[in-house]
Amino acid sequence: MFYSEYYPVDFMNGEGLRCTLFVSGCSHGCKGCYNEKTWHPKFGQEYTKELEDQIILTSKMRYRFAKA
């Protein structure tokens, strides 16, 4: 499996704070897709055990923010 992007801390792609992995390969081919380059299943970087370990570690982290 390949992936195009990994964000260990992301608040733009959904509600709350999360880590986000965008995997490669899409057979839909939607007209007007803004990320057409990711359609190929081998676009980007290969998913590795090291990345998986990082994702698991990151998902267990708790973030605290100072109140304004």
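Residues numbered from 1 in each chain as written. Predicted model: local features only at pLDDT ≥ 70, side-chain atom pairs only at ≥ 80, totals over all residues. Heavy atoms only, no water.

### Considerations on the environment of T58
- As for its placement among the helices and strands, T58 is situated in helix α1 (residues 49-60).
- Sequence spacing of T58 and P8 is 50 residues, and the spatial spacing of their C-alpha atoms is 6.4 Å.
- Only 2.8 Å separates the side chain of T58 from the backbone oxygen of Q54, close enough to count as a polar contact. (Helix = DSSP H or I, 4+ residues; strand = E, 2+ residues; numbered from the N terminus. Polar contact = N/O pair within 3.5 Å; in protein donor to acceptor, adjacent residues only side chain to side chain.)

### Examining the pairing of strand β1 (residues 2-10)
- Sheet topology note: the β1/strand β3 (residues 45-46) ladder contains two bridges and is antiparallel. When the bridges of β3 are listed, F2 appears paired with E46. (Pairing = 2+ DSSP bridges.)

### Overview of the packing of aromatic side chains
- Following the criterion strictly, the structure yields one aromatic pair and no others.
- Relative to F22, the ring of Y7 lies with its centre 6.1 Å away and its plane at 85 degrees, an arrangement referred to as edge-to-face. Placement of Y7 in strand β1 and of F22 in strand β2 (residues 18-23) is noted, with a sequence separation of 15 residues between them.
- Residue F22 is classed as partly exposed on the basis of its relative accessible area of 29%. (Phe/Tyr/Trp six-rings, centres within 6.5 Å; stacked < 30°, edge-to-face > 60°. Buried < 20%, exposed > 50% of the residue type's maximum accessible area, 1.4 Å probe, protein only.)

### Observations regarding the environment of D10
- Within the secondary structure, D10 sits in strand β1.
- You can call D10 buried: its relative accessible area is 5%.
- Along the sequence, D10 and L21 sit eleven residues apart, while their C-alpha atoms lie 10.0 Å from each other.
- Other than its neighbours up to four places away in sequence, D10 contacts G16, L17, R18 and T20.
- Within the local environment of D10, its side chain forms a polar contact with the backbone nitrogen of M12, the two atoms lying 2.9 Å apart. (Contact = heavy atoms within 4.5 Å.)

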